[in-house]
Amino acid sequence: MFKKILIANRGEIAVRVIRACREMGIRTVAVYSDVDRASLHVRKSDEAYPIGPAPASESYLRMDKILDVAKRSGAEAIHPGYGFLSENAKFAQACADAGVKFIGPTPHSMNLMGSKTSARQQMEKAGVPFVPGTSRGLVSAEEGEQVAERIGYPVMLKAAAGGGGKGMRLVHSRQELRSALESAQSEAQRSFGDSEVYIEKAIVNPRHIEMQVLADEHGNTVWLGERECSIQRRHQKVLEEAPSPIVDPEMRRRMGEVAVKVAQAANYTNAGTVEFLVDQQKNFYFLEMNTRLQVEHPVTELTTGLDLVHLQIRIASGEKLPFKQSEVEIRGHAIECRIYAEDPDNNYFPSPGKITVLLQPSGPGIRRDSGMYEGWNVPMDYDPLLAKLIGYGTDRLQAIMRLERALYEYFVAGIKTNISLFRRILCDSDFRAGKLDTGYLDRLLAKGNRAVAPGAGESERATLEMIAAIGAGMFAVLDPASAAGKDKDGNTAGAAKAPSNWKQKGRSEGLR
Amino acid sequence: MVYEVIVGGKAHRLEVERAAGGWECRLDGQPVHIDAVIPRRDVLSLLVDGHAYEIKREQTATDLHMWVGSTRFAVELRDPRSLRSRQHAAGGEKGPRKILAPLPGRVVRLLVAEGSEIEAGQGIVVVEAMKMQNEIKSPKKGIVKQISATPGAAVNPGDVLAIVE
């Protein structure tokens, strides 16, 4: 087993991996950019080294600097987390060349899965079901028209090197195809330096369901159940759950077996995720494989009782999987809310800044993987994910009720978060009924925001308004010093600079 | 102590006096006996007639909110005795208005020039944070008197970006 591991990441996932290492008696090495000196992952690690300025391209994406820290600190392995270098085959190769174990799949498997067309060709050979279409880039608009005629409109044009919706076009008819293909190709060229575009049948209102797999380096591969990830905004997942409300044990077994087949076809090792699109008739199609630990891995951990990060480390150190497929059991239900620094009142625009108050939930069935703390300045340079709140229960309804209770306890001030969004989702009747697809969240948001939780009538609202009024007064009476906008840490909080009635109130109190 | 409290656009008169076992309040003339404790900064535990409320205070560069449970209320608090706050209260629509940066970020570009006439809700500058661009809008119709934001410069919450009169 490794004695020391470097974590090439930041935020909640770096903290998550550091915790696993501490549990396993492994020393940890953190790396940090200039703006992350006071971040939680640095505080929690055994050793920490600076790797450069705030922009990720000058710090968390710098392979040379990270490998240099690994060498200096004597780390034997690197856990990449998710994002940053986690799916970069060149980095995995550079680790191997430097004699440091990369905790993840081999560069070969990553390359194979990195291109959507090469992944499709490989899967076609392995007999994996995927959305009807071509497995190679289109050579001409005529070819595109012929294929579209055969598989039927609407069709989707997709960049082979794509991701995040770039180089993607939905085409409803033959008339639109030629210009859509041209614009998809030029966008793909601009975004990825590769104009290869292929064609697929468009699945209307699909669900996005993924299957966790785990493979050791001795040829054993298992599946660990699915995650329902249909609740997305701008191609970014917001809430995930396990199991999916529509997957029964038979469908789970079939999806799991296909996922294992996908992993084996790519000679895959370590933790990975096979993503599927599921249509309204519950047919599932291979979409792509994510060659890393997923953000939403905790829901699988809670429903299987396994620790995926422990297992990743054990596999990377050469151990065999300590259990068989027949021993994997799915129990209970888990739902994850991704707490982002985003402003719900301003179209979910990112909201970095200083966290002035933080009240965090705990109690039965609640897991919180967080990278934030009170007094921390959320940097503006990275992904806005602050924390993950996961509710677990014996069934879906209990998990929902526990999450609602925990969200009621959760309070973050100083920056804006999307906590209120989850209150809306969890009480929504379509969500409660498990009627989800990738368009669900846009439809919910289009219904408009409601200030008060449903069930709160006019009179209740009026009572709460009275309470808020009394509360504002009592804060001024009992805590005049803080009301003056003074910051204990002596930092320049925004409140201190703004013209504030509280400040004036504080002054008038001082004169008494 | 007497306050004028504006909650969700409605003004209330709040009188607070210390009393046996707590505080005696009058809210718009209605007597309410309460007990109030601040167990930690920005958190208030309020007991009204046996009902318990946890109220959280959120102050930002631009506004003040009270959270009762998970319901948020925009609040303004004024001391009617204070001349300054009365002047401030009157300055809503008339006179110059400072446009403040609501969040830390970087100024990407200016959307209007000094001296131009703008409508309420019109964008003035674009500030980028976490790889997203955000238009900072004018709260009122008027003339852009001054632009202090410079493209490329970093801004902190509460920094003056422009003044509209």
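From a predicted model like this one, the values you see are computed outputs, not experimental measurements. (Residues numbered from 1 in each chain as written. Chains lettered and ligands numbered in written order. Predicted model: local features only at pLDDT ≥ 70, side-chain atom pairs only at ≥ 80, totals over all residues.)

## Regarding the overall build of chain A
The cut-off we apply is this: Numbering of helices and strands starts at the N terminus; helices are DSSP runs of H or I of at least 4 residues and strands are runs of E of at least 2. Atoms considered for the radius of gyration are the C-alpha atoms alone. The globule rule reads 2.2 Å times the number of residues to the power 0.38. Exposure criterion: with C-beta atoms placed from backbone coordinates, a residue whose C-beta has 20 or more other C-beta atoms within 10 Å is buried, one with 12 or fewer is exposed, and one in between is partly exposed. Placing a C-beta atom from the backbone of each residue, one calls two residues in contact when those atoms lie within 7 Å.
In terms of regular secondary structure, chain A is built from 19 helices and 22 strands. Since a compact globule built from 512 residues should have a radius of gyration of about 24 Å, the 25 Å found for chain A is in line with a globular shape. By its C-alpha atoms, chain A is 85 × 55 × 45 Å across when sized along the principal axes. Residues counted as buried form 49% of the 512 residues belonging to chain A. Contacts in chain A between residues far apart in sequence, at least 24 positions, make up 64% of those at least 6 positions apart.

## Digging into helix 12 (residues 396-409) of chain A
Structural remark: α-helix, 3.6 residues per turn; residues separated by three or four positions point the same way. All names here are of chain A. Condition: Each helix should span, by expectation, one fewer than its residue count multiplied by 1.5 Å. Directions are taken from the helix axis to each C-beta atom, and the arc is the one they span.
For helix 12, spanning 14 residues, the distance from its first C-alpha to its last is 20 Å, which sits close to the expected 20 Å at 1.5 Å a residue. Among the residues of helix 12, those classed as buried are A399, I400, R402, L403, A406 and L407. Take helix 12 and look down its axis: the buried residues cluster within an arc of 165°, on one side only. For helix 12, the elements touching its buried residues are strand 14 (333-340), strand 19 (366-370), strand 21 (385-393) and helix 13 (419-427).

## Some points on unusual backbone geometry
Residue and element names in this part refer to chain A. In this structure, the amide linkage connecting Y153 to the following residue, P154, adopts the cis form with an omega of -5°. With respect to the helices and strands, P154 occurs in the loop between helix 7 (141-151) and strand 6 (155-159). Cis geometry is adopted by the peptide bond preceding P243, which originates at A242 and carries an omega value of -5°. Counting through the fold element by element, P243 comes out in the loop between strand 11 (236-242) and helix 9 (249-265). A positive phi is found at N205, a non-glycine position, where the angle reads about 45°. On the basis of neighbour count, N205 is assigned to the exposed category, with 12 C-beta atoms found within 10 Å. The residue N267 is not glycine, and still its phi comes out positive at about 55°. Relative to the elements of secondary structure, N267 occurs in the loop between helix 9 and strand 12 (270-278).

## Considerations on the interface of chain A and chain B
What counts, and what does not: Polar here means any residue other than Ala, Val, Leu, Ile, Met, Phe, Trp, Tyr, Cys and Pro, which are nonpolar, and Asp, Glu, Lys and Arg, which are charged; Gly is therefore polar.
Listed by partner, the interface residues are 42 residues for chain A and 55 residues for chain B. For the side of chain A that touches chain B, the secondary structure elements donating two or more residues are strand 16 (349-350), strand 22 (411-413), helix 16 (458-478), helix 18 (494-497) and helix 19 (501-511) of chain A. When residues of the side of chain A that touches chain B are assigned to their parent elements, the largest contribution, 15 residues, is made by helix 16 of chain A. Counted by class, the side of chain A that touches chain B contains 27 nonpolar, 10 polar and five charged residues.

## Here we look at the pairing of strand 21 of chain A
Residues and elements named next belong to chain A. Using the following cut-off: For two strands to count as paired, DSSP must find a minimum of two bridges between them.
Most of strand 21 is tucked away: eight of the nine residues are buried. Looking at chain direction, strand 14 and strand 21 are connected through eight bridges and run antiparallel. Paired with I335 across the bridge in strand 21 is G391.

## Concerning the domain arrangement of chain A
Our working definition: Domain boundaries shown here were taken from an automatic or database domain assignment.
Here chain A is partitioned into domain 1 (4-103), domain 2 (132-201), domain 3 (207-446) and domain 4 (459-511). In this structure, domain 1 of chain A and domain 2 of chain A have C-alpha centres spaced 38 Å apart.

## What to know about the sheet that holds strand 1 (residues 4-7) of chain A
Residue and element names in this part refer to chain A. For clarity, the cut-off: Fitted lines through C-alpha atoms serve as axes, helices being fitted only where they are in contact, and the angles separating the N-to-C directions of these axes extend from 0 to 180 degrees.
Strand order in the open sheet formed by five strands is 3-2-1-4-5, with parallel pairing between adjacent strands. Unpaired on one side and paired on the other, strand 3 (47-50) and strand 5 (101-102) mark the two borders of the sheet. Together, strand 1, strand 2 (27-32) and strand 4 (77-79) form the strand contacts of helix 1 (residues 11-23), whose direction differs from that of strand 1 by roughly 175°.

## Brief notes about the sheet that holds strand 14 of chain A
Residues and elements named next belong to chain A. One open sheet holds the eight strands; their spatial order is 13-12-9-10-11-14-21-19, and the pairing between them is antiparallel. The open sheet has two free edges, formed respectively by strand 13 (284-290) and strand 19, since each of these has just one partner strand. When the angles between neighbouring strand axes are averaged without regard to direction, this sheet yields 25°. Its contacts with the sheet place helix 12 against strand 14, strand 19 and strand 21, and it is angled at close to 135° to strand 21.

## Re the nonpolar core
Most often, soluble globular proteins have nonpolar side chains that are buried together. Note the cut-off: Definition of nonpolar core: a set of buried Ala, Val, Leu, Ile, Met, Phe, Trp, Tyr and Cys residues joined via C-beta atoms within 7 Å.
One finds L6(A), I7(A), I78(A), V213(A), A259(A), V262(A) and F276(A) to be the most contacted residues of the largest nonpolar core, which totals 78 residues. Both domains that furnish three or more residues to this core are identified here as domain 1 (4-103) and domain 3 (207-446) of chain A. Aside from chain neighbours lying at most four places away, what touches I78(A) is L6(A), A8(A), A70(A), C95(A), V100(A), F102(A) and I103(A). In terms of nonpolar packing, the next biggest core, distinct from the first, is built from 67 residues, F411(A), A413(A), M466(A) and L46(B) among them.

## Considering the confidence of the model for chain A
To keep it simple, the criterion reads: As a per-residue measure, pLDDT reflects the predictor's confidence and takes values from 0 up to 100.
Mean pLDDT over chain A stands at 90; residues scoring 70 or higher make up 92%. This model gives residues 484-512 of chain A a pLDDT under 50, and the stretch forms 58 contacts once residues within four places in sequence are excluded.

## Brief notes about the environment of E342(A)
Residues and elements named next belong to chain A. For E342, the location among the structural elements is in strand 15 (residues 342-343). Judged by the 25 C-beta atoms lying within 10 Å of it, E342 is buried. Sequence separation between E342 and L386 is 44 residues; the distance between their C-alpha atoms is 9.8 Å. Setting aside anything within four residues of it in sequence, one finds E342 in contact with Y348, F349, P350, S351, P384, K416, T417 and N418.

## Some points on the packing of helix 6 (residues 116-126) of chain A against helix 9 of chain A
All names here are of chain A. Just so we agree on the cut-off: Note on convention: the crossing is left-handed when the near helix lies turned anticlockwise from the far helix by less than a right angle, right-handed when the turn is clockwise.
One way to put it is that helix 6 packs onto helix 9 with a least axis distance of 10 Å and a crossing angle of 115°. Here the hand of the crossing between helix 6 and helix 9 comes out right-handed. Residues Q122, M123 and A126 of helix 6 lie in contact with helix 9, whose contacting residues are K261, V262 and A265. In the contact of helix 6 with helix 9, the residues fall into four nonpolar, one polar and one charged.

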